[in-house]
Amino acid sequence: MGAQASKSTDPVAPTLFTPQSKIEFSQALLSQLEDVSEMDYSRKEYAEKCIEQKISSRLSELEVETLRKFKDTLNDSMQTDSDDGSNKNTACTGKLNEKLTDLSQKLEAFKKLEEDKKQKFGLEEKEGPRAKLTECLIKNKGKPLNCVDEIAAFKEFMDSK
(Lines give C-alpha, C1' and ligand atoms only; values in the text may rest on other atoms or scores of the structure.)
Protein backbone atom coordinates (compact mmCIF):
# COMPACT_ATOMS: atom_id res chain seq x y z
CA MET A 1 0.00 0.00 0.00
CA GLY A 2 2.47 2.60 1.03
CA ALA A 3 5.16 1.27 -1.29
CA GLN A 4 3.81 3.01 -4.37
CA ALA A 5 4.04 6.75 -4.93
CA SER A 6 0.75 8.55 -5.17
CA LYS A 7 1.90 10.70 -8.06
CA SER A 8 4.04 9.76 -10.92
CA THR A 9 7.29 11.59 -11.26
CA ASP A 10 6.96 11.80 -15.03
CA PRO A 11 5.89 15.21 -16.23
CA VAL A 12 2.50 14.96 -17.81
CA ALA A 13 2.44 16.10 -21.40
CA PRO A 14 -0.64 18.03 -22.49
CA THR A 15 -3.04 16.02 -24.53
CA LEU A 16 -3.28 17.16 -28.12
CA PHE A 17 -6.07 16.03 -30.34
CA THR A 18 -5.43 16.18 -34.02
CA PRO A 19 -8.34 16.03 -36.43
CA GLN A 20 -8.37 13.34 -39.01
CA SER A 21 -9.38 15.71 -41.74
CA LYS A 22 -7.36 18.73 -42.58
CA ILE A 23 -8.95 22.09 -41.64
CA GLU A 24 -7.95 25.07 -43.70
CA PHE A 25 -8.76 28.69 -42.95
CA SER A 26 -8.58 31.36 -45.57
CA GLN A 27 -6.03 34.11 -45.18
CA ALA A 28 -8.81 36.72 -45.15
CA LEU A 29 -10.56 35.03 -42.22
CA LEU A 30 -7.34 34.80 -40.25
CA SER A 31 -6.46 38.45 -40.86
CA GLN A 32 -10.02 39.50 -39.91
CA LEU A 33 -9.79 37.59 -36.61
CA GLU A 34 -6.41 39.15 -35.87
CA ASP A 35 -7.70 42.66 -36.58
CA VAL A 36 -10.68 42.40 -34.21
CA SER A 37 -9.95 44.68 -31.28
CA GLU A 38 -12.93 43.53 -29.28
CA MET A 39 -12.14 40.86 -26.78
CA ASP A 40 -14.22 39.47 -23.93
CA TYR A 41 -12.71 41.99 -21.53
CA SER A 42 -13.46 45.02 -23.71
CA ARG A 43 -17.02 43.77 -24.36
CA LYS A 44 -17.55 43.38 -20.62
CA GLU A 45 -16.28 46.91 -19.95
CA TYR A 46 -18.51 48.33 -22.67
CA ALA A 47 -21.56 46.50 -21.27
CA GLU A 48 -20.82 47.77 -17.73
CA LYS A 49 -20.42 51.32 -19.04
CA CYS A 50 -23.79 51.13 -20.80
CA ILE A 51 -25.45 49.77 -17.66
CA GLU A 52 -23.90 52.53 -15.52
CA GLN A 53 -25.14 55.19 -17.95
CA LYS A 54 -28.68 53.77 -17.90
CA ILE A 55 -28.68 53.58 -14.10
CA SER A 56 -27.38 57.12 -13.69
CA SER A 57 -29.95 58.50 -16.14
CA ARG A 58 -32.75 56.64 -14.34
CA LEU A 59 -31.52 57.91 -10.96
CA SER A 60 -31.45 61.47 -12.21
CA GLU A 61 -35.01 61.05 -13.54
CA LEU A 62 -36.12 59.69 -10.16
CA GLU A 63 -34.42 62.56 -8.36
CA VAL A 64 -36.19 65.13 -10.53
CA GLU A 65 -39.52 63.34 -10.04
CA THR A 66 -39.05 63.14 -6.27
CA LEU A 67 -38.17 66.83 -6.04
CA ARG A 68 -41.22 67.71 -8.13
CA LYS A 69 -43.48 65.61 -5.88
CA PHE A 70 -41.97 67.22 -2.79
CA LYS A 71 -42.53 70.72 -4.15
CA ASP A 72 -46.10 69.84 -5.14
CA THR A 73 -46.83 68.45 -1.67
CA LEU A 74 -45.28 71.49 -0.04
CA ASN A 75 -47.28 73.84 -2.24
CA ASP A 76 -50.49 71.89 -1.57
CA SER A 77 -49.93 72.14 2.17
CA MET A 78 -49.41 75.88 1.84
CA GLN A 79 -52.65 76.45 -0.10
CA THR A 80 -55.34 78.66 1.38
CA ASP A 81 -58.01 77.29 3.74
CA SER A 82 -61.03 78.54 1.86
CA ASP A 83 -62.09 77.42 -1.59
CA ASP A 84 -62.79 80.91 -2.91
CA GLY A 85 -59.33 82.20 -1.96
CA SER A 86 -60.62 85.15 0.09
CA ASN A 87 -58.74 84.04 3.21
CA LYS A 88 -55.10 85.11 3.05
CA ASN A 89 -53.87 82.72 5.78
CA THR A 90 -52.54 79.42 4.57
CA ALA A 91 -53.60 76.12 6.07
CA CYS A 92 -50.37 75.81 8.02
CA THR A 93 -50.58 79.36 9.32
CA GLY A 94 -54.21 78.84 10.32
CA LYS A 95 -53.35 75.71 12.28
CA LEU A 96 -50.41 77.44 13.93
CA ASN A 97 -52.60 80.40 14.90
CA GLU A 98 -55.17 78.05 16.43
CA LYS A 99 -52.47 76.28 18.44
CA LEU A 100 -51.03 79.61 19.61
CA THR A 101 -54.41 80.85 20.80
CA ASP A 102 -55.05 77.54 22.61
CA LEU A 103 -51.67 77.75 24.30
CA SER A 104 -52.15 81.36 25.33
CA GLN A 105 -55.56 80.49 26.81
CA LYS A 106 -54.02 77.61 28.76
CA LEU A 107 -51.23 79.88 29.96
CA GLU A 108 -53.75 82.44 31.22
CA ALA A 109 -55.68 79.67 32.99
CA PHE A 110 -52.50 78.47 34.71
CA LYS A 111 -51.62 82.02 35.78
CA LYS A 112 -55.10 82.42 37.27
CA LEU A 113 -54.77 79.09 39.13
CA GLU A 114 -51.39 80.17 40.47
CA GLU A 115 -52.81 83.46 41.74
CA ASP A 116 -55.71 81.59 43.37
CA LYS A 117 -53.27 79.25 45.12
CA LYS A 118 -51.20 82.18 46.35
CA GLN A 119 -54.29 83.82 47.80
CA LYS A 120 -55.62 80.59 49.29
CA PHE A 121 -52.41 79.53 50.98
CA GLY A 122 -51.17 82.97 51.96
CA LEU A 123 -48.10 82.86 49.77
CA GLU A 124 -48.17 86.58 49.10
CA GLU A 125 -48.09 87.47 52.80
CA LYS A 126 -44.63 88.15 54.16
CA GLU A 127 -45.83 87.68 57.74
CA GLY A 128 -48.23 84.73 57.15
CA PRO A 129 -47.98 81.36 58.91
CA ARG A 130 -46.33 79.77 55.88
CA ALA A 131 -43.58 82.41 55.76
CA LYS A 132 -42.96 82.05 59.52
CA LEU A 133 -42.80 78.24 59.22
CA THR A 134 -40.39 78.43 56.28
CA GLU A 135 -38.16 80.88 58.12
CA CYS A 136 -38.12 78.71 61.25
CA LEU A 137 -37.26 75.56 59.27
CA ILE A 138 -34.41 77.36 57.52
CA LYS A 139 -33.00 78.65 60.83
CA ASN A 140 -33.31 75.23 62.50
CA LYS A 141 -32.03 73.13 59.64
CA GLY A 142 -32.12 69.46 60.62
CA LYS A 143 -34.13 70.23 63.78
CA PRO A 144 -37.81 70.44 62.76
CA LEU A 145 -38.99 69.82 66.32
CA ASN A 146 -37.88 73.34 67.25
CA CYS A 147 -40.66 74.70 64.98
CA VAL A 148 -43.62 72.95 66.64
CA ASP A 149 -45.45 76.24 67.38
CA GLU A 150 -45.12 77.43 63.77
CA ILE A 151 -46.30 74.03 62.45
CA ALA A 152 -49.38 74.20 64.67
CA ALA A 153 -50.13 77.75 63.51
CA PHE A 154 -49.78 76.68 59.88
CA LYS A 155 -52.14 73.72 60.42
CA GLU A 156 -54.75 76.00 61.99
CA PHE A 157 -54.39 78.42 59.07
CA MET A 158 -54.85 75.63 56.51
CA ASP A 159 -57.86 74.18 58.34
CA SER A 160 -59.52 77.57 58.44
CA LYS A 161 -59.27 77.95 54.62
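The model shown is predicted, which means the values in this text are computed figures rather than measured ones.

Overview of the overall build of the protein chain
No. 1: Helix and strand counts for the protein chain come out as five helices and zero strands.
No. 2: N-terminal to C-terminal, the α/β element order of the protein chain is α-α-α-α-α.
No. 3: When burial is assessed residue by residue, the protein chain has 6% of its 161 residues classed as buried.
No. 4: Roughly 15400 Å² of accessible area belongs to the protein chain as shown, and the carbon and sulfur atoms make up 56% of that amount.

Considerations on the pattern of salt bridges
No. 1: Tallied over the entire structure, the rule returns five salt bridges.
No. 2: For Arg68, the salt bridge identified is with Asp72, shortest N-O distance 3.5 Å. Of this pair, Arg68 and Asp72 are both found in helix H2 (residues 40-77), four residues apart, which corresponds to roughly one turn of the helix.
No. 3: The class of Arg68 is partly exposed, set by a relative accessible area of 45%.

Some words on the confidence of the model for the protein chain
No. 1: Per-residue pLDDT for the protein chain has a mean of 79; in total, 78% of the residues score no lower than 70.
No. 2: Mean pLDDT across the elements of the protein chain ranges from a minimum in helix H1 (residues 27-35), with 80, to a maximum in H2, with 90.

A short note on the environment of Phe154
No. 1: Of note, Phe154 is situated in helix H5 (residues 148-160).
No. 2: A relative accessible area of 22% means that Phe154 is categorised as partly exposed.
No. 3: Note: C-alpha distance between Phe154 and Leu133 (21 residues apart in sequence) is 7.2 Å.
No. 4: Phe154 has contacts with Pro129, Arg130 and Leu133, leaving out every residue within four places of it along the chain.

The rules behind each value
- Residues numbered from 1 in each chain as written.
- Predicted model: local features only at pLDDT ≥ 70, side-chain atom pairs only at ≥ 80, totals over all residues.
- Heavy atoms only, no water.
- Helix = DSSP H or I, 4+ residues; strand = E, 2+ residues; numbered from the N terminus.
- Buried < 20%, exposed > 50% of the residue type's maximum accessible area, 1.4 Å probe, protein only.
- Areas by Shrake-Rupley, 256 points an atom, 1.4 Å probe, with all protein chains shown as cover.
- Salt bridge = Lys/Arg side-chain N within 4 Å of Asp/Glu carboxyl O.
- pLDDT = per-residue confidence, 0-100.
- Contact = heavy atoms within 4.5 Å.

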